[in-house]
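Spelled out from the first residue to the last, the chains are:
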Amino acid sequence: MDLHQLLLERHSIRRYTDQPIDAGDVKTILEAGLLAPSSKSARSWQFVVVEDHDMMLKLQACKPTYAASLATAPLAVVVTTSPGKSAAYVEDAAVAASFMQLQAAALGIGSCWTQVRGRFTADDMDSEEYVRELLNIPDDMCVVCIIAFGYSAETRRPVDPSKLLWEKVHLGTWRDEFEPEQ
Ligand SMILES: Cc1cc2nc3c(=O)[nH]c(=O)nc-3n(C[C@H](O)[C@H](O)[C@H](O)COP(=O)(O)O)c2cc1C
């Protein structure tokens, strides 16, 4: 499938089947993260791979809502990044996370981002601190997100290209209206 078609068909997947992800595919997904571009090529990110179901449930408690994808995921990658290594540490991590998600989609594997940075547990603990403690991540690493991966147990429709928000695109200078060419 060509990249554009993949982008039209990709959706966040929050429920997964029991099918495990083949070790070769896990490696390919991680390779995509390691291949991601980063500011000044600093590669400020580091990834923690989680496949243990009990740990997955503990990670799900990093915030009270919007972490449901972790409940059924056979694989999660915790995306951490070092503020000491790059001023663009968050951007570096976000690009790497997206690369892994797109690689997974190309392998027919669904994924979902769980935001950690700037979030809090049900007990009002900083979600980053909670995840750091669980996984023994050093204090100076920022935990941006956890990406859940697995085979989809949901049916999602491809995006209709006619619904894209072209009004957000400004040609030449900022303008309030934009009509795409027919
Ligand atoms: C920065 C960022 C943070 C996100 N945080 C969460 C999250 O915490 N929980 C979740 O279920 N989805 C999360 N998502 C997924 C978005 O909700 C999803 O991409 C959006 O609703 C569009 O849906 P789609 O991915 O199916 O196109 C996040 C996505 C991004 C890019």
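Residues numbered from 1 in each chain as written. Predicted model: local features only at pLDDT ≥ 70, side-chain atom pairs only at ≥ 80, totals over all residues. Heavy atoms only, no water.

### So, the site of the ligand
Turning to step 1, where the next piece is worked out: All residues adjacent to the ligand are Arg10, His11, Ser12, Arg14, Lys63, Tyr66, Cys112, Trp113, Thr114, Gln115 and Arg156.
Turning to step 2, where the next piece is worked out: In this structure, Trp113 approaches the ligand through a main-chain N or O atom, which is 3.1 Å from a nitrogen atom.
Turning to step 3, where the next piece is worked out: Note that an oxygen atom of the ligand is positioned 2.9 Å from one of the backbone N or O atoms of Gln115.
Turning to step 4, where the next piece is worked out: Looking at side-chain class alone, the shell around the ligand contains three nonpolar, four polar and four charged residues. (Near = heavy atom within 4 Å. Polar contact = N/O pair within 3.5 Å; in protein donor to acceptor, adjacent residues only side chain to side chain. Nonpolar A, V, L, I, M, F, W, Y, C, P; charged D, E, K, R; others polar.)

### Re the packing of aromatic side chains
Turning to step 1, where the next piece is worked out: Overall, the coordinates contain one aromatic pair when judged by the stated rule.
Turning to step 2, where the next piece is worked out: Relative to Phe47, the ring of Trp45 has its centre 5.4 Å away and its plane inclined at 20 degrees; by these criteria the two rings are stacked. The two residues Trp45 and Phe47 agree in class, both being buried. (Phe/Tyr/Trp six-rings, centres within 6.5 Å; stacked < 30°, edge-to-face > 60°. Buried < 20%, exposed > 50% of the residue type's maximum accessible area, 1.4 Å probe, protein only.)

### Concerning the pattern of salt bridges
Turning to step 1, where the next piece is worked out: Counting across every chain of the model gives four salt bridges.
Turning to step 2, where the next piece is worked out: Between Asp160 and Lys163 there is a salt bridge, with its nearest N and O atoms 3.5 Å apart.
Turning to step 3, where the next piece is worked out: What makes Asp160 partly exposed here is its relative accessible area of 33%.
Turning to step 4, where the next piece is worked out: Several salt bridges share partner residues, and in doing so they unite Glu128, Glu129 and Arg132 into one network. (Salt bridge = Lys/Arg side-chain N within 4 Å of Asp/Glu carboxyl O.)

### Let's talk about the side chain of Gln115
Turning to step 1, where the next piece is worked out: Along the chain, Gln115 falls in strand β3 (residues 110–115).
Turning to step 2, where the next piece is worked out: Among the residues examined, Gln115 registers a relative accessible area of 18% and is labelled buried.
Turning to step 3, where the next piece is worked out: Reaching out from Gln115, the side chain makes a polar contact with the side chain of Trp113 at a distance of 2.9 Å.
Turning to step 4, where the next piece is worked out: Once residues within four sequence positions are removed from consideration, Gln115 is found in contact with Lys63, Val144 and Cys145. (Helix = DSSP H or I, 4+ residues; strand = E, 2+ residues; numbered from the N terminus. Contact = heavy atoms within 4.5 Å.)

### A closer look at helix α6 (residues 127–135)
Turning to step 1, where the next piece is worked out: Considered for burial, the residues of α6 that qualify are Ser127, Glu128, Tyr130, Val131, Arg132 and Leu135.
Turning to step 2, where the next piece is worked out: Buried residues belonging to α6 abut β1 (45–50), α3 (53–60), β2 (75–81) and β4 (142–150).
Turning to step 3, where the next piece is worked out: Put simply, Asp126 is the residue that caps the front of α6, since its side-chain oxygen is 2.7 Å from the backbone nitrogen of Glu128.
Turning to step 4, where the next piece is worked out: After α6 finishes, the residue Asn136 shows a positive phi value of roughly 65 degrees.

### Observations regarding the pairing of β4
Both faces of the sheet carry side chains from a regular strand, because those side chains alternate between them.
Turning to step 1, where the next piece is worked out: β4 sits mainly inside the fold: nine of its nine residues count as buried.
Turning to step 2, where the next piece is worked out: Pairing of β2 with β4, which is carried by seven bridges, proceeds in the antiparallel orientation. If you follow Val77 over to β4, its bridge partner there is Ile147.
Turning to step 3, where the next piece is worked out: Relative to β4, β3 is paired through six bridges, and the arrangement is antiparallel. Bridging from a neighbouring strand, Ser111 pairs with Phe149 of β4. (Pairing = 2+ DSSP bridges.)

### Overview of a nonpolar patch on the surface
Turning to step 1, where the next piece is worked out: There is a patch of nonpolar side chains on the surface, built from Val159, Leu164, Trp166, Val169 and Leu171 and spanning about 400 Å² of accessible area.
Turning to step 2, where the next piece is worked out: Mapped onto the fold, Leu164 is located in the segment after β4. (Patch = residues over 30% accessible without salt bridge, like charges linked within 9 Å, V, L, I, M, F, W, Y side chains within 5 Å. Areas by Shrake-Rupley, 256 points an atom, 1.4 Å probe, with all protein chains shown as cover.)

### Describing the environment of Gly150
Turning to step 1, where the next piece is worked out: On the secondary structure map, Gly150 appears in strand β4.
Turning to step 2, where the next piece is worked out: Judged by relative accessible area, Gly150 falls into the buried class, the value being 0%.
Turning to step 3, where the next piece is worked out: Taking the C-alpha atoms as reference points, Gly150 and Trp113, separated by 37 residues in sequence, lie 12 Å from one another.
Turning to step 4, where the next piece is worked out: Each residue touching Gly150, except ones within four places of it in the same chain, is listed here: Tyr16, Ile21, Pro74, Ile109 and Gly110.

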